[in-house]
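# Architecture and fold: a report
Spelled out, the chains give:
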Amino acid sequence: MEIPEVKRVSAVKRDYLARLAKEGKRPDGREPDEYRPIKIEKNILRNAEGSARVRIGNTMVMAGVKADIGEPYPDSPEEGAMSTSAELPPIASPEFESGPPKPDAIELARVVDRGIRESGYIDMSKLCIEPGEKVWIVFIDLHVLDYDGNLFDACSLAASAALQNAVLPYEKFDLGENKPLPVTSPPISCTFVKYEDFIVVDPSLDEEQIAQARFTVALDKEGNIRAIQKGLKGTFTIQEIKNIINRAQIHARNIRKLLEE
Amino acid sequence: MEIPEVKRVSAVKRDYLARLAKEGKRPDGREPDEYRPIKIEKNILRNAEGSARVRIGNTMVMAGVKADIGEPYPDSPEEGAMSTSAELPPIASPEFESGPPKPDAIELARVVDRGIRESGYIDMSKLCIEPGEKVWIVFIDLHVLDYDGNLFDACSLAASAALQNAVLPYEKFDLGENKPLPVTSPPISCTFVKYEDFIVVDPSLDEEQIAQARFTVALDKEGNIRAIQKGLKGTFTIQEIKNIINRAQIHARNIRKLLEE
Amino acid sequence: MEIPEVKRVSAVKRDYLARLAKEGKRPDGREPDEYRPIKIEKNILRNAEGSARVRIGNTMVMAGVKADIGEPYPDSPEEGAMSTSAELPPIASPEFESGPPKPDAIELARVVDRGIRESGYIDMSKLCIEPGEKVWIVFIDLHVLDYDGNLFDACSLAASAALQNAVLPYEKFDLGENKPLPVTSPPISCTFVKYEDFIVVDPSLDEEQIAQARFTVALDKEGNIRAIQKGLKGTFTIQEIKNIINRAQIHARNIRKLLEE
Amino acid sequence: MKDGIRIDGRKPDELRPIKIEAGVLYRADGSCYLEWGGNKIMAAVYGPREAMPRHIQDPTKAIVNARYNMVPFSVEDRKRPGPDRRSVEISKVTSEALEGVIFTELFPRATIDVCIEVLDAEAGTRCAGITAAAVALADAGIPMRDLPVACAAGKVDGTVVLDLTSDEDKEGDADLPIAIAPRTEEILLMQMDGHMTPAEFDEAVELAIKGCREVSKLQREALMNKYKTFEVE
Amino acid sequence: MKDGIRIDGRKPDELRPIKIEAGVLYRADGSCYLEWGGNKIMAAVYGPREAMPRHIQDPTKAIVNARYNMVPFSVEDRKRPGPDRRSVEISKVTSEALEGVIFTELFPRATIDVCIEVLDAEAGTRCAGITAAAVALADAGIPMRDLPVACAAGKVDGTVVLDLTSDEDKEGDADLPIAIAPRTEEILLMQMDGHMTPAEFDEAVELAIKGCREVSKLQREALMNKYKTFEVE
Amino acid sequence: MKDGIRIDGRKPDELRPIKIEAGVLYRADGSCYLEWGGNKIMAAVYGPREAMPRHIQDPTKAIVNARYNMVPFSVEDRKRPGPDRRSVEISKVTSEALEGVIFTELFPRATIDVCIEVLDAEAGTRCAGITAAAVALADAGIPMRDLPVACAAGKVDGTVVLDLTSDEDKEGDADLPIAIAPRTEEILLMQMDGHMTPAEFDEAVELAIKGCREVSKLQREALMNKYKTFEVE
């Protein structure tokens with residue numbers, strides 16, 4: 001496994017954030033259950049089958065959807081396929097380097113992928129062109145442009161928004177008229193971090209740098225759980241996790257509204 | 001070519017082993033023509049078509065055989081194919097690193113492969129399913145788990161043992177009943193090293209670290225030579241090589257018995 | 001992007017060359033518009049479909065042509081394809097390292113490729129075997145053996161010479177008799193560098209090391225421009241570029257004669 | 001699932017058979033061989049030792065670097081050697097889970113390398129790998145505040161069950177692997193995919209923790225057995 | 001081309017619509033978002049900062065390291081992530097062109113990193129990328145002797161025209177991208193492929209320089225706008 | 001093989017035609033161009049020079065780093081550039097064989113780089129490569145206790161023969177390439193694949209050594225010729 005370079009946060013900053021946390025305050029003045037402003041722009045690119053730019057505070061992410069035709073997997077001959085990739089390119093942060101995806105980017109892409117896949121957001125059964133022979137393969141690419149924390153939620157939201165407006169390019173392959181990508185109800189991802197026993201939603205970069213543990217949950221329209229990823233070396237108690245999932249229910253409903261606007 | 005990191009052996013150890021060698025003694029008290037205890041366990045895995053774990057002293061190697069269906073080479077349309085890979089993963093030694101195979105591992109795999117290939121151990125003519133179209137491709141993977149010297153013999157033996165009990169998975173491909181992999185008589189590999197003009201069989205790690213030259217010979221059932229690999233920067237005289245091949249005849253017969261038990 | 005290791009040229013050498021330049025003199029005594037001796041040897045290898053060794057002064061380059069059969073691009077179903085690669089292997093210079101091609105080698109291959117492609121030197125329409133199914137794919141490999149400056153011209157010339165005598169191996173694929181590769185009139189590449197406002201053709205290594213700007217132009221038989229590549233951080237005025245193109249006309253005619261001998 | 005009994009005859013809250021052996025390798029500083037259902041896993045620990053190259057060193061603590069690897073013949077279709085995206089993710093979450101119990105501050109500039117080799121795979125390899133790695137860490141004498149242990153619960157045919165088999169995982173509705181520090185029952189690792197109501201999730205977490213408690217006993221026995229063996233010798 | 005009017009309605013010497021915005025990213029030291037015809041490009045600058053690893057440092061000046069990248073969804077057929085040979089070449093000539101105007105001697109041992117992300121592509125991305133990168137460099141406060149600018153001319157149906165579209169590029173006879181330092185009109189970058197007589201080449205260079213002059217104005221406006229915005233705030 | 005004469009007209013103990021030229025490259029410290037049957041090989045030596053990066057340096061001696069490379073057009077089907085597994089193995093055994101004669105202890109922390117480029121291949125390239133490399137090492141003035149030389153013997157139609165051609169190698173029963181230090185006739189390199197009785201092996205080794213002796217003379221002549229050429233100039 002590749003070991004990421006040590007990220008050093010100054011002791012002064014660490015102490016300052018810890019002191020704030022003990023008073024229940026966040027460095028940017030938000031409440032523990034307050035997201036930064038979320039801005040979603042859909043269908044902004046010409047070459048992508050679907051696209052979206054999502055900003056959460058200063059974090060900015062582009063998602064693009066491309067569709068190609070390929071063979072189905074042998075064990076699901078009448079279903080399409082999907083693939084999710086994430087890039088953390090050097091444009092987004094002085095710490096990011098070019099090169100093949102590092103473990104951080106791979107985990108990010110896989111967690112976003114699981115939320116979409118497990119919630120059945122893309123209706124795979126409608127991606128079949130010729131059973132056993134030809135199906136649509138949907139590529140979701142996440143490209144981070146500005147990194148100020150909480151990539152899990154920003155990327156998940158960007159992917160959902162880009163899929164929402166995506167078009168299957170039947171015309172390009174001489175297969176008739178283009179059709180909208182068949183989608184159902186998107187998963188909504190909510191991410192929390194814990195530092196100094198303080199658990200907050202939508203961590204900024206400052207908070208991520210001192211976070212001991214991270215928790216991401218993807219919820220469907222009914223508030224059921226579709227995917228979870230706990231990260232970092234710190235721990236959660238069962239009770240903390242139950243609280244997080246309760247808190248996520250409210251956030252997910254709010255974000256879902258934004259996405260459906 | 002990738003240059004391996006310098007392996008430093010302490011001068012004290014080197015001197016001690018050299019002094020022993022001058023008295024005809026080996027560091028672990030063995031005779032020059034004494035192998036460490038050899039233990040062969042066959043057919044120990046569920047997912048492999050054939051498998052074996054071989055221990056020579058503290059050295060432990062796993063071999064696994066997988067079979068897939070592919071196209072034959074154009075110049076041998078009625079024959080199957082084989083491929084041998086070796087991994088020296090970090091579990092086996094503090095010096096091993098993860099990453100693509102380094103020259104040591106490539107040489108190891110190729111020497112094991114040559115012994116099997118040149119002795120006709122796998123009957124390639126019986127691996128044809130449909131001439132020119134479909135043949136079995138046999139993958140032999142060698143995975144070192146504990147490295148205390150003499151990987152050539154341990155890996156060769158593990159490969160032979162794993163092939164001996166391997167099954168061609170016809171059922172998996174709806175081609176009828178599974179059949180044993182068609183094998184003939186295995187090659188037996190014997191490895192010697194030379195240090196301070198002392199030539200010993202089955203080198204331990206201590207001996208490999210100070211060895212000046214290495215010689216591996218693979219013998220068939222009739223005692224004929226199927227593969228040779230001389231290694232390291234030291235030299236052998238012709239007479240030394242002839243002696244080695246004579247000594248190998250006896251070892252090969254003993255190891256062959258173990259393998260056929 | 002991979003950053004090449006800093007190439008340090010001694011200040012003494014730099015000053016010496018600058019002083020010469022101010023007097024209009026080159027380090028090896030040539031005139032500004034004088035090429036080093038050019039030597040072209042054609043068809044010198046057995047396994048290549050076409051080959052050439054080109055020397056310009058001490059610079060030595062091998063070009064080899066191989067032809068294989070493949071599918072045409074969907075948008076040109078009746079045309080063959082070509083691919084140009086360049087290697088700067090460690091044999092050619094103490095600064096070259098083994099490994100995948102670095103930006104220098106990629107730029108070199110692409111500029112040579114553009115000259116050949118844009119001049120229509122290979123008649124792609126005659127490389128079709130079966131429309132939409134089978135066409136010839138021509139591989140041009142440039143292998144630098146001795147690097148003393150001006151690889152652009154040496155490689156371009158070697159590629160042209162190797163293509164000139166190349167044969168399409170129809171027999172190898174049971175498609176009838178071998179035929180010469182259909183070629184028209186080759187592009188001729190002329191490279192200039194500028195240092196201390198002194199612009200010279202065919203730079204030696206010494207001159208390349210202190211060059212501020214580089215200009216390569218590929219001319220066809222009529223003296224028309226087929227490809228240009230300006231390189232390095234220095235600039236040219238429009239007038240300088242016009243002069244360079246005029247000067248290149250004469251060189252191109254001379255080199256074309258050499259190539260057609 | 002029929003009459004509360006699973007395809008392989010287990011009850012919903014029953015583990016597959018588990019066998020753990022500590023200290024099985026010669027070169028490694030600590031090691032463990034583990035069989036769990038159809039899984040066969042070898043884990044080893046090297047370190048603490050100086051982290052190399054230098055620029056990866058953390059002057060305040062040791063790096064915990066776990067490498068989860070499936071050997072090519074451990075799965076039905078041969079896997080190409082080297083890490084795929086799944087292995088990279090599992091290596092990452094495993095490293096983080098183990099770091100949660102190790103006193104890394106004691107070893108600045110060091111690395112603790114954990115190798116997990118899946119020799120034969122049949123669902124639940126990440127939990128089995130963490131469980132084996134924990135024993136190998138203890139065998140290597142790495143100071144830890146607790147001996148981590150992992151187990152998964154899941155949902156099959158609408159029922160929450162413990163420790164899915166390969167078939168159950170494929171057909172099932174959800175899988176929830178967790179790792180805990182057993183003394184405090186804090187969560188070191190949690191991943192989930194599938195479909196669970198919050199109530200099912202609560203049930204599954206409780207069940208997975210119950211599984212962890214049982215596996216934890218087997219880990220401790222394996223470590224005890226090793227010392228017993230030493231005493232006998 | 002009909003009656004001196006191009007397929008998209010432009011005159012031979014007319015640019016596609018261009019929109020430039022400076023200072024659009026939070027983390028980067030300087031940034032620029034640019035739309036040029038169907039191209040959408042984000043450029044950012046980091047540095048000057050210490051070049052790492054050390055052995056790449058130049059003790060006499062800063063390294064200018066531009067990375068031109070097309071995102072996978074920026075083209076008709078999805079592009080695999082990572083640099084291809086075309087990107088490597090464009091990164092190289094872009095680095096060289098930008099280095100031509102930067103006072104690199106002021107920052108020995110440093111690196112100035114320029115990131116150019118093509119989000120949507122429609123011919124002329126390298127010129128658009130250099131143009132955006134120049135604005136990002138200015139936004140980052142990197143000292144330059146001039147603000148570089150790029151534009152291409154080409155030949156379509158035998159006529160020399162400015163700023164080819166994708167269709168014109170495919171069907172056209174030649175493409176000539178250049179970058180200049182606008183004050184002196186020296187050439188920082190020039191590439192050409194196709195077929196041009198020397199006279200056509202002279203005409204095309206003049207036209208491309210004319211295009212550069214117009215784009216240069218838009219660059220300066222974008223930088224002015226950013227400062228105006230600041231004043232208003 | 002008919003009446004003791006081989007397909008290409010040679011006797012069993014006869015070498016293919018060999019041509020060796022020393023000192024053919026300008027930049028390299030030593031070089032050699034060699035033709036051997038259908039093989040065309042260029043070898044060059046750089047060094048001794050400081051080994052980089054530092055951590056590969058051996059404080060007690062020089063590293064000998066040979067790189068055997070087949071150019072893409074040297075074989076019937078184009079070979080992709082870069083090392084394959086066969087090249088890696090040949091590079092390794094070649095490095096070891098050459099190190100056996102070089103006084104590496106004279107150059108601690110250094111590297112001696114040997115480049116072997118196979119331009120045209122027709123069986124026996126590894127022996128040809130070592131033979132050429134030896135001349136290049138001598139040409140570079142690298143101190144050696146002997147001038148290594150290589151040659152293969154093999155078995156075709158049950159007969160032991162010297163220096164197989166491509167056809168003989170494909171159809172043959174065994175191939176035995178060796179490299180020796182000719183003064184003492186010690187074995188520096190030996191590989192074998194095929195099928196030989198111990199008696200045939202002894203015969204083949206003797207024959208290969210005989211071949212080495214003949215090639216050794218040609219090596220020495222090539223080195224002499226170079227110095228003669230210098231005198232004439």
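Residues numbered from 1 in each chain as written. Chains lettered and ligands numbered in written order. Predicted model: local features only at pLDDT ≥ 70, side-chain atom pairs only at ≥ 80, totals over all residues. Heavy atoms only, no water.

## Comments concerning the overall build of chain A
Within chain A, the regular secondary structure consists of five helices and 12 strands. Taken against the 2.2 N^0.38 rule, which gives 18 Å for 261 residues, the C-alpha radius of gyration of chain A at 19 Å falls within 12% of a compact globule. Buried positions account for 59% of the 261 residues belonging to chain A. Sequence-distant contacts in chain A: of pairs separated by 6 or more residues, those separated by 24 or more amount to 68%. When the accessible surface of chain A is summed, it comes to about 10400 Å², and 48% of that surface belongs to carbon and sulfur atoms. (Helix = DSSP H or I, 4+ residues; strand = E, 2+ residues; numbered from the N terminus. Rg over C-alpha atoms; globule rule 2.2 N^0.38 Å. Buried < 20%, exposed > 50% of the residue type's maximum accessible area, 1.4 Å probe, protein only. Contact = heavy atoms within 4.5 Å. Areas by Shrake-Rupley, 256 points an atom, 1.4 Å probe, with all protein chains shown as cover.)

## Points about the side chain of T111 of chain E
Residue and element names in this part refer to chain E. Along the chain, T111 falls in strand 5 (residues 110–120). Under the relative-accessibility criterion, T111 is labelled buried at 5%. Only 3.2 Å separates the side chain of T111 from the side chain of D113, close enough to count as a polar contact. Those residues within four positions of T111 in sequence are excluded, and the remaining contacts are Y46, G47, P48, R49, E50, A51, I63 and N65. (Polar contact = N/O pair within 3.5 Å; in protein donor to acceptor, adjacent residues only side chain to side chain.)

## A closer look at empty space enclosed by the protein
Residues and elements named next belong to chain A. Tallied over the entire structure, the rule returns nine cavities of 30 Å³ or more. For the largest cavity, the calculated volume is near 100 Å³. Lining the largest cavity we find 14 residues, and of these V111, V112, G115, S189 and A218 sit closest to its centre. Those elements that place two or more of their residues in the lining of the largest cavity are helix 2 (103–118), helix 3 (151–164), strand 11 (213–219) and strand 12 (225–231). Per element, the largest residue contribution to the lining of the largest cavity is four residues, and it comes from helix 2. (1 Å grid on protein atoms, 1.4 Å probe; cavity = no way out; pocket = protein on both sides within 12 Å on 5 of 7 lines; lining within 4 Å. Points joined across faces, edges and corners; volume = space filled by probe spheres on them.)

## Comments concerning the sheet that holds strand 10 (residues 198–201) of chain A
Strand order across the open sheet formed by eight strands is 10(A)-9(A)-11(A)-12(A)-9(D)-8(D)-6(D)-7(D), with antiparallel pairing between neighbours. Strands at the two margins of the open sheet, each flanked by one partner only, are strand 10 of chain A together with strand 7 (159–162) of chain D. The sheet shows a mean angle of 20° between the axes of neighbouring strands, taken without regard to direction. Sheet topology places strand 9 (residues 188–195) of chain A next to strand 11 of chain A; seven bridges connect them, and they run antiparallel. Note on strand 11 of chain A: the bridge partner recorded for T191 of chain A is T216 of chain A. Packed onto the sheet, helix 5 (residues 238–260) of chain A meets strand 9, strand 10, strand 11 and strand 12 of chain A together with strand 9 (186–196) of chain D and runs at close to 140° relative to strand 9 of chain A. (Pairing = 2+ DSSP bridges. Axes fitted to C-alpha atoms, helices over the stretch in contact; angles between N-to-C directions.)

## Here we look at the interface of chain A and chain D
Interfaces are often sized by the accessible area lost when the parts come together. Residue-level contacts link 37 residues of chain A with 43 residues of chain D. If you look at where chain A meets chain D, you find 16 residue pairs in polar contact (both at pLDDT 80 or more). Every element with two or more residues in the side of chain A that touches chain D is listed here: strand 4 (81–87), helix 2, strand 12 and helix 5 of chain A. Of all the elements, helix 2 of chain A adds the most residues to the side of chain A that touches chain D, at eight residues. Residue composition of the side of chain A that touches chain D, grouped by class: 15 nonpolar, 10 polar and 12 charged. (Nonpolar A, V, L, I, M, F, W, Y, C, P; charged D, E, K, R; others polar.)

## Let's talk about a negative patch on the surface
Residues and elements named next belong to chain D. Taken together, D157, D167, E171 and D173 make up a surface patch of like negative charges. Structurally, E171 is set in helix 3 (residues 166–171). According to the relative accessible area criterion, E171 is exposed, its value standing at 65%. (Patch = residues over 30% accessible without salt bridge, like charges linked within 9 Å, V, L, I, M, F, W, Y side chains within 5 Å. Salt bridge = Lys/Arg side-chain N within 4 Å of Asp/Glu carboxyl O. Lys, Arg positive; Asp, Glu negative; His and termini not counted. Charge placed at Lys NZ, Arg CZ, Asp CG, Glu CD.)

## Here's the deal with the sheet that holds strand 11 (residues 213–219) of chain C
With antiparallel pairing, eight strands are arranged side by side in an open sheet as 10(C)-9(C)-11(C)-12(C)-9(E)-8(E)-6(E)-7(E). Each edge of the open sheet carries a strand with a single partner, namely strand 10 (198–201) of chain C together with strand 7 (159–162) of chain E. Between one strand and the next, the sheet's axes are offset by a mean angle of 20°, whatever the strand orientation. Direction of pairing for strand 6 (residues 149–156) of chain E relative to strand 7 of chain E: antiparallel, over a ladder of four bridges. Bridge pairing links V156 of chain E to T159 of chain E in strand 7 of chain E. Contacting strand 9 (188–195) and strand 11 of chain C, helix 3 (residues 151–164) of chain C crosses the sheet at an angle of about 175° to strand 9 of chain C.

## Let's talk about the pattern of salt bridges
A pair can form between side chains of opposite charge whenever their charged atoms are brought close. All names here are of chain B. If you walk through the whole model with that rule in mind, you get 132 salt bridges over all chains. Residue R36 pairs with D148 through a salt bridge whose shortest N-O separation is 3.6 Å. Within this pair, whereas R36 is found in the loop between helix 1 (11–22) and strand 1 (38–42), its partner D148 is found in the loop between strand 6 (134–146) and helix 3 (151–164), the two being separated by 112 residues in sequence. Given the relative accessible area of 10%, D148 is considered buried.

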